[in-house]
Amino acid sequence: MRQANIQLDAEGRLKHFLGIEGLSRDLLTQILDNAERFAPVGDRAVKKVPLLRGKTVVNLFFEPSTRTRTTFDLAAKRLSADVLNLNIESSSAKKGESLADTLRNLEAMQCDMFVVRHQTSGAAAYIASQVAPHISVVNGGDGRHEHPTQAMLDCFTIRRLKKRFEDLTVAIVGDVAHSRVARSEIHALKILGVPEVRVVGPRTLIPPQIEAMGVKVFHRFDEGIADADVVIMLRLQQERMQSALLPSAHEYFRVYGLTEKRLKLAAKDAIVMHPGPINRGVEIDSAVADGLQSVILQQVTNGIAVRMAVMSMVMGTQAVGSAA
Amino acid sequence: MTIRIRGGRVIDPANERDEICDVFVDHGRIAAIGRAPRGFNAEWVIDAAGLVVCPGFVELGARMREPGFEHKATIASEARAAAANGFTTIVCTPDTQPVMDTPAVAEHVNQRAARTRAARVRYLGALTVGLEGKVLAEMQALKDGGCVGVTNVERAIVDTTVLRNALAYAATAGLTVFLQSEDHWLGRQGAMHEGATSTRLGVAGIPGAAETIAIQRDIALVAETGVTAHFCRLSSAASVKVIADARKAGLPVSADVGIMNLCFTDEDVDGYDANLHVRPPLRSERDRAGLGLGVKRGQIDAICPYHEPHDADAKAAPFMLTEAGASTLDAFLPALLECAERGLFDLPAAIRAASVAPHRVLGQTGGDLSPGQPADICVFNPRAEWTASAAALASAGKNSPWLGRKLTGKVMMTIVDGRIVHDGLDARR
């Protein structure tokens, strides 16, 4: 019943990319390796390869997004695909069209791939179960469940800067309970061999029994960040205060905000990551976000290469040496 | 009509009978067990060799969907599905449209049921007008119209004063209140049991405390008002203890468990199967074991399907956005047999919980095969194997979590008041 089964074809190749859970280390490594080959495309004068020429990619966003949609858009265009951006939140859903009907209509327009973002956990898997067999689905974030391309681009960034996963300590800090990034990240880091993955936050933002995912739980910031090689800060949404999970943004920053002083507790060469968009002065101090240890903007750049890799793989046109 | 059911394994828990013998039915009632009454002449002889003969099953809370939701199911379709699956009495819930908060709506149900030669249909009246938890329904009128109890189904009455008054008024009317207790605030955002699986899937959880808090609140009010209360669909092991303690204290409470909560756990939700989106949620393995033990020890009286048929659209969405509920009538017997097979409790205990116990919850005699009792009988083949395809389900609701599974156990005949309402044996005169 695990969804990992439905994202692989009979030969074990990636058919959809719905979540990290259940994928093999080899497959994740293959994604990272392919992304390495695509990375130089962005530095060229002509930023295009012809891998998806004649294919139509639909960015199906049921929830607002700027960064993720833009980088998927760029990735598809650099692969020479035709791209359709649909903001469903403001069209069909309001007209009362069901999700299944929206999908039928897009299929009728002969699209080849859906990149889906939806506010409900499990939406990507549901959509993959509904589409015609020739269509691939890439999860651009489903509720609190998974955001697998974000996790891969983070791992890509970590591998470039730290080389090996096997001796790292990674701390994921903040609103883990509501974070799809955190869940995908935990799966990816564990699969790639990171020995210690920590989650750090107050009890109201750490979901129950998350230890079952193989992480160590810390409620005290200083202990959680101690000697970490990678610090991943999560975005804190304003709604968390309204639903009585936290007293105030001010108090949150006081206890869990990443400042230069606190960052000194981490390893000397620690890198600071954030899936964005950042809340300056809430989860992260500007001095850290813009500081030397921050790799937040590199993450964004790497996101394009990683998404190119994933899109080309699910379309069955895996990147080979000559692609780049 | 006179019937002789010959050579079956007769399991009659109320009489502690479990032996191979004949059952004789005459004029709608059990005439004799074992030896034929003097001068008995069977018009129908049913060969039950290799089959189990037991009292008919009783469902305490089916959604029959009529009036208002006939696109999901109808009284006729579900009463027939009930009969096809060994049920002789099926109690439907008042969450129809309009809500069954007046005898007029209930009368519609009675009329429809009377036209269907299938399982006997009874109904629960609404505890509050529109099930809104604000104004008391006309319970006395509902009782005069024939309701077997009152309930607010899964809709929590948030205002404790309203609940207290509703219970006190139901006590005055002499009605049993059916409570499916869940704390409104702890339950409102969740779609599954809160635990390791909900954390991994990113689905908002319903903590076990949502149920125990509500049951404890309700029991405190039962103690104050003296109402007879039946707690429906326990989902957590902790609740079993709360109910047992209330009983020990002498309170007039009983309880049941839905078959789903004995067969599945939150871990089964892993694939986001919308047919496993049910309320109360499927909880942990520990809870499931605790509920099974509760049945075995008699702390939980009854096991019911809590049948909730849906149309395909209701489940055509990501898990959390689907309507809760599963179609359970068709897999009820195989699921019950599997529980017994796994040793949660023995077969006579399973049959007791599905037949005689719910009759007692309804304040009725029956559910046993004693001479003179109405002949409500189920005959089933405990070894028949079949696959739960959509076409094989008798219910109009194809939202069964057992779809595609191979099941063991099939109802072959159902008799209500001495009439054969389902005949899978091709019985001949």
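Preceding this section is the structure that the text describes.
Residues numbered from 1 in each chain as written. Chains lettered and ligands numbered in written order. Predicted model: local features only at pLDDT ≥ 70, side-chain atom pairs only at ≥ 80, totals over all residues. Heavy atoms only, no water.

Undergrad: Give a description of the overall build of chain A that names residues and reports values.
TA: Tallying secondary structure elements over chain A gives 14 helices and nine strands in all. Relative to the compact-globule value of 20 Å for 324 residues, chain A shows a C-alpha radius of gyration of 19 Å, a close match. Here the C-alpha coordinates of chain A stretch approximately 55 × 45 × 40 Å along the principal axes. Each of the 324 residues in chain A was classed as buried or not, and the buried ones make up 58%. Roughly 13400 Å² of accessible area belongs to chain A as shown, and the carbon and sulfur atoms make up 50% of that amount. In chain A, 40 positive and 35 negative side-chain charges are present, and the distance between their average locations comes to 3 Å. (Helix = DSSP H or I, 4+ residues; strand = E, 2+ residues; numbered from the N terminus. Rg over C-alpha atoms; globule rule 2.2 N^0.38 Å. Buried < 20%, exposed > 50% of the residue type's maximum accessible area, 1.4 Å probe, protein only. Areas by Shrake-Rupley, 256 points an atom, 1.4 Å probe, with all protein chains shown as cover. Lys, Arg positive; Asp, Glu negative; His and termini not counted. Charge placed at Lys NZ, Arg CZ, Asp CG, Glu CD.)

Undergrad: Could you give an account of the nonpolar core, with specific residues and numbers?
TA: Judged by nonpolar contacts, the single largest core of 100 residues is most densely connected at Val121(B), Phe231(B), Leu234(B), Ile303(B), Phe345(B), Phe380(B) and Trp402(B). Once residues lying within four places of it in the same chain are set aside, the contact partners of Leu234(B) are Glu211(B), Ile215(B), Ser239(B), Val240(B), Ile243(B), Ala255(B), Asp256(B), Val257(B), Asn261(B), Leu291(B) and Ile300(B). (Core = buried A, V, L, I, M, F, W, Y, C linked by side-chain atoms within 4.5 Å. Contact = heavy atoms within 4.5 Å.)

Undergrad: Before we move on, could you go through the side chain of Asp218(B) and cite the residues and values that matter?
TA: Residues and elements named next belong to chain B. Inspection of the secondary structure assignment puts Asp 218 in helix α7 (residues 209-225). Asp 218 sits in the buried class, given a relative accessible area of 3%. With residues near it in sequence (within four places) discarded, Asp 218 still touches Leu 163, Leu 167, Leu 179, Ser 181 and Phe 231.

Undergrad: Can you explain the packing of aromatic side chains? Please cite residues and give values.
TA: All told, the structure shown has six aromatic pairs over all chains when counted by the stated rule. Through a chain of ring-to-ring contacts, three or more aromatic side chains come together here, namely Phe57(B), Phe87(B) and Phe332(B). It is Arg262(A) that lies over the ring of Phe221(A); its NZ or CZ is 4.9 Å from the centre. Above the ring of Trp386(B), the side-chain terminus of Lys410(B) is found at 4.2 Å from the ring centroid. (Phe/Tyr/Trp six-rings, centres within 6.5 Å; stacked < 30°, edge-to-face > 60°. Lys NZ or Arg CZ within 6 Å of the ring centre and 35° of its normal.)

Undergrad: Quick rundown of the sheet that holds strand β5 (residues 169-173) of chain A? Include the residues and the values.
TA: Residue and element names in this part refer to chain A. Reading across from one edge, β7-β6-β5-β8-β9 is the order of the five strands in this open sheet, with parallel pairing throughout. Edge positions in the open sheet fall to β7 (216-218) and β9 (271-273), since each of these has one partner strand only. The average angle at which neighbouring strand axes cross in this sheet is 20°, direction not considered. As judged from the three bridges shared by strand β8 (residues 230-233) and β9, these two strands associate in the parallel manner. Bridged to Val 230 within β9 is Ile 271. Contacting β8 and β9, helix α7 (residues 148-162) runs over the sheet at an angle of about 170° to β9. (Pairing = 2+ DSSP bridges. Axes fitted to C-alpha atoms, helices over the stretch in contact; angles between N-to-C directions.)

Undergrad: Break down the pairing of strand β6 (residues 196-200) of chain A for me, with residues and values.
TA: Residues and elements named next belong to chain A. Most of β6 sits inside the fold, with five of its five residues counted as buried. Side-chain alternation along β6 places Glu 196, Arg 198 and Val 200 on one buried face and Val 197 and Val 199 on a second face that is also buried. Bridge count between β5 and β6: five bridges; the pairing is parallel. Each bridged residue has a counterpart across the sheet, and for Ile 172 the counterpart in β6 is Val 199. Two strands pair when backbone bridges link them, and β6 and β7 are joined in this way by three bridges, in the parallel orientation.

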